[in-house]
Amino acid sequence: MSDPVRPESVLDLAVTAGRLREEVRAAPPLTHCLTNAVVTGFTANVLLALGAAPAMVDIVGEAGPFAGAASGLLVNLGTPTPEQREASREAVAGALAAATPWVLDPVAIGTLPVRTALAHELAARRPTAIRGNASEILALAGHSSGGRGVDATDGTEAAAAAARELADRYGSVVAVSGPVDLLTDGERVIRIANGHELLTRVTGGGCALGAVMAAFLGASLGTGTDALTAVAAATLVYTVAAEQAAETSRGPGSFAVGLLDALSAVTPADLRDRARVEEETR
Amino acid sequence: MSDPVRPESVLDLAVTAGRLREEVRAAPPLTHCLTNAVVTGFTANVLLALGAAPAMVDIVGEAGPFAGAASGLLVNLGTPTPEQREASREAVAGALAAATPWVLDPVAIGTLPVRTALAHELAARRPTAIRGNASEILALAGHSSGGRGVDATDGTEAAAAAARELADRYGSVVAVSGPVDLLTDGERVIRIANGHELLTRVTGGGCALGAVMAAFLGASLGTGTDALTAVAAATLVYTVAAEQAAETSRGPGSFAVGLLDALSAVTPADLRDRARVEEETR
Amino acid sequence: MSDPVRPESVLDLAVTAGRLREEVRAAPPLTHCLTNAVVTGFTANVLLALGAAPAMVDIVGEAGPFAGAASGLLVNLGTPTPEQREASREAVAGALAAATPWVLDPVAIGTLPVRTALAHELAARRPTAIRGNASEILALAGHSSGGRGVDATDGTEAAAAAARELADRYGSVVAVSGPVDLLTDGERVIRIANGHELLTRVTGGGCALGAVMAAFLGASLGTGTDALTAVAAATLVYTVAAEQAAETSRGPGSFAVGLLDALSAVTPADLRDRARVEEETR
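Not measured: the values here are computed from a predicted model. Within every chain, residues take consecutive numbers counted from 1 along the sequence as written. Throughout, the order in which chains and ligands are written sets their labels, letters from A for the former and numbers from 1 for the latter. The model is predicted, so local features are restricted to residues of pLDDT at least 70 and side-chain atom pairs to those at 80 or more, both for listing and for counting; the totals for chains, interfaces and linings are taken over all residues. Just so you know, side-chain values use all the structure's heavy atoms and leave hydrogens and water out.

Looking at the sheet that holds strand E4 (residues 102-105) of chain C
All names here are of chain C.
Stage number 1. At least two DSSP bridges between two strands are needed for those strands to be called paired. Only DSSP runs of H or I with at least four residues qualify as helices, and only runs of E with at least two residues qualify as strands; both kinds are numbered from the N terminus onward. In space, the nine strands of this open sheet follow the order E2-E1-E3-E4-E5-E6-E7-E8-E9, with mixed pairing throughout. Every interior strand has two partners, whereas the edge strands, strand E2 (53-55) and strand E9 (277-281), have only one. Across the sheet, the mean angle separating the axes of adjacent strands is 20 degrees when strand polarity is ignored.
Stage number 2. Across three bridges, the pairing between strand E6 (residues 173-177) and strand E7 (residues 181-184) is antiparallel. Its bridge partner being in E7, Val176 is matched across the sheet by Leu182.
Stage number 3. Here, two residues are considered to be in contact whenever any of their heavy atoms come within 4.5 Å of each other. Note on geometry: axes are lines fitted to C-alpha atoms, helical ones only across the stretch in contact, with angles between N-to-C directions running from 0 to 180 degrees. Contacting E4, strand E5 (129-133) and E6, helix H6 (residues 134-141) runs over the sheet at an angle of about 125 degrees to E5.

Here is the structure:
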């Protein structure tokens, strides 16, 4: 990563992330998740480790009202059953009506037809944030993608233009996950070089980050923190904890366990010490 | 907790819990679980750690006959898809026809309409036991509740009257989970002060206890142990193991792993040494 | 286990298993899993630990095309919802059209009617491999079985004739899991005595092996390795890692974590040192 354009922003983000991290613990944001069957338990545990209050309500007739009462909402399309598809639409409508911030994670879109159509439909409802790997962001922007299922086969920089385009089109923060995370609101671009390769060896390593973003967006309401900063703060907390977990793990099994422990323990000081962030403005 | 009304009952319960715990290992009760998608793996692992035989059969056309052949049944309403709702009704009918003991866990009822209606419908079938946090027990009894999803926002004592009322109404044992667990059959009230706050930081920390209750109810059949004692024994075993796990954990991740290890290893002597139980009779 | 009939085959299999294990890491096979809700997260983590690329695509309209593009497919019938049943048929058709190797795991068939009917229907499509415990293999062959749900109540030798019969009938490799795994293509029979009892105390301990078989079948395409050898190699890698994990675990919780670590670390030399294999030809 090149030298940061605005070095002071590194400290700024770390400080904000530390404050939001404490806020999540002090006033647990009710974080509503419609997520895939593979990662639902891990995702709930990630939120609980941070002190947030997860609720995996994905039933038609319940998801709509619940999204209206929640602090933040995640809609992850990893295993979109017919029930979940309908509940997702309902939840998004509920979130929009109540101004609940919401995150769309278009898992493995591109060639898989059901989720791809749903992702485009939901993106048009203008999510607060969109999170994906480079392949997914390229696919959502309508660029051709080499994605084969859930793999990230493109580097995050390859999706930088697509991310900006989506941000402009939908008024969303767009977060591209990879070795260096790239986040943009269309004007500012934040790059975060924290994290660890073991995150890609645990199922839900990326999906759970979408839930953390929803929790941090919820916690940031009323604090004057903009959505890009809240989403970047979530990314920083999550990836710093991943680094800490990797230092004591013996493989992907103990890493996943250690990540939950680290998310519970990570401090504002850890974030300041470890943050590797740069920011530029278009 | 005040001094126990019947001190000898502490030792009584610990001894019975130790005997049932050994019985589960010696003759694994086939424990049929219809539970929510978030905790199904963890719940099965909790049962396996104790030596029970879990079977997560929640398919229409299978759940009914299976409940008739099982030793115990759990119906947990955490993610009640249409398929699960229909399978739940079928399983309860099968359990009733075969006199299989069954546990109802009305997760997050109150304002969520689908599960709330189903919980009332199934409660009217007179479960052997009902397990929930204070908010859920208050909601099931028809009292107003401040519950917001899956949180327990009320202490267990706040639900003591509602628990007795439900016990009388449905002939059920009612178990209210919290820092001090409160269990009643309408006449006797048992309080168990074991456990650890980390149980609330692991998804399924409460839900899995419902499955353990179903296993212990199954193991107690034919032993002359009443349902309240079996359910209290399950609670004691589970919460003592949680204390043991907390002593060596570094956070919620390692705690969940340690809980499974402790459930596998916990002995009758551990239960006698650690039990903090009191009992009173109305 | 008696002395091996062909001692050199032990070394042969260990060498091939080591080569395939490295191949999985070097060129991750896209492993398509339709599996049950209880074990889907653990199964994905097992594949990721080995370096394979899991994709849990079980949606109607997606499962068919995806199976055609995947390296290997697992169809596990543990929680066969209507959506999954239809998606399974679609995935199998897609795999057959594209010559994708596929594994059928007929979980808990016998008395449960929905899955039993589906297992017979899918078996008739001639899976590359069929994996089950003795009860399940006996039930699939049409022999009477004492199975009660997901338990293995018969030793693997009791299912040897049924396994050979199924292999002949469907042209499949048949793998019977138990204390000694028995694998056959109808002509050759391989027995593998590695593994550990703790595998039966972790949910998905058997189911995840079916996914590893699908990954190894995918990795073996074009290498000249026959399907029986690929399936046996998967079994050897998995059960040797289980032995390694058991050596440092304190119970089923830490064992499951250690298994993922061991699957990530297991080397060809470990396989050669630890393999306890014998082979005979009918």
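Some words on the pattern of salt bridges
Stage number 1. Salt bridges are identified by distance alone: a Lys or Arg side-chain nitrogen within 4 Å of an Asp or Glu carboxyl oxygen. What the rule picks out here adds up to 42 salt bridges over all chains.
Stage number 2. The shortest N-O distance in the salt bridge between Arg25 of chain B and Glu22 of chain B comes to 3.5 Å. One end of the pair, Arg25 of chain B, and the other, Glu22 of chain B, are both in helix H1 (residues 7-26), three residues apart, so they sit about a helical turn from each other.
Stage number 3. Taking the shortest distance from any N to any O, the salt bridge between Arg131 of chain B and Asp105 of chain B comes out at 3.1 Å. Remark: Asp105 of chain B occurs in strand E4 (residues 102-105) and Arg131 of chain B occurs in strand E5 (residues 129-133); sequence separation between them is 26 residues. Comparing Arg131 of chain B with Asp105 of chain B, the two get one shared label, buried.
Stage number 4. A single salt-bridge network, built from bridges that share partners, covers Glu157, Arg191, Glu278 and Glu280 of chain A. Summary of the burial criterion: residues with accessible area below 20% of their type's maximum are buried, those above 50% are exposed, and those between are partly exposed, where the area comes from a 1.4 Å probe applied to protein chains only.

Description of the UniProt feature "binding site: substrate" (unreviewed entry) in chain A
Stage number 1. UniProt positions are given in the numbering used here, feature names are shortened, and annotations may be inferred rather than shown by experiment. In the UniProt entry, the feature "binding site: substrate" (unreviewed entry) is given for Met56 and Gly204 of chain A.
Stage number 2. Of note, Met56 of chain A is situated in the loop between strand E2 (53-55) and helix H3 (63-69).
Stage number 3. Apart from the residues within four sequence positions on either side, Met56 of chain A is in contact with Cys33, Thr35, Thr40, Thr43 and Ala44 of chain A together with Val38 and Thr79 of chain B.
Stage number 4. Position of Gly204 of chain A relative to the elements: it lies in the loop between strand E8 (188-192) and helix H8 (207-220).
Stage number 5. A residue is classified by how much of its surface remains accessible, and Gly204 of chain A, at 7% relative accessible area, is buried.
Stage number 6. Setting aside chain neighbours within four positions, we find Gly204 of chain A in contact with Val39, Phe42 and Tyr238 of chain A.

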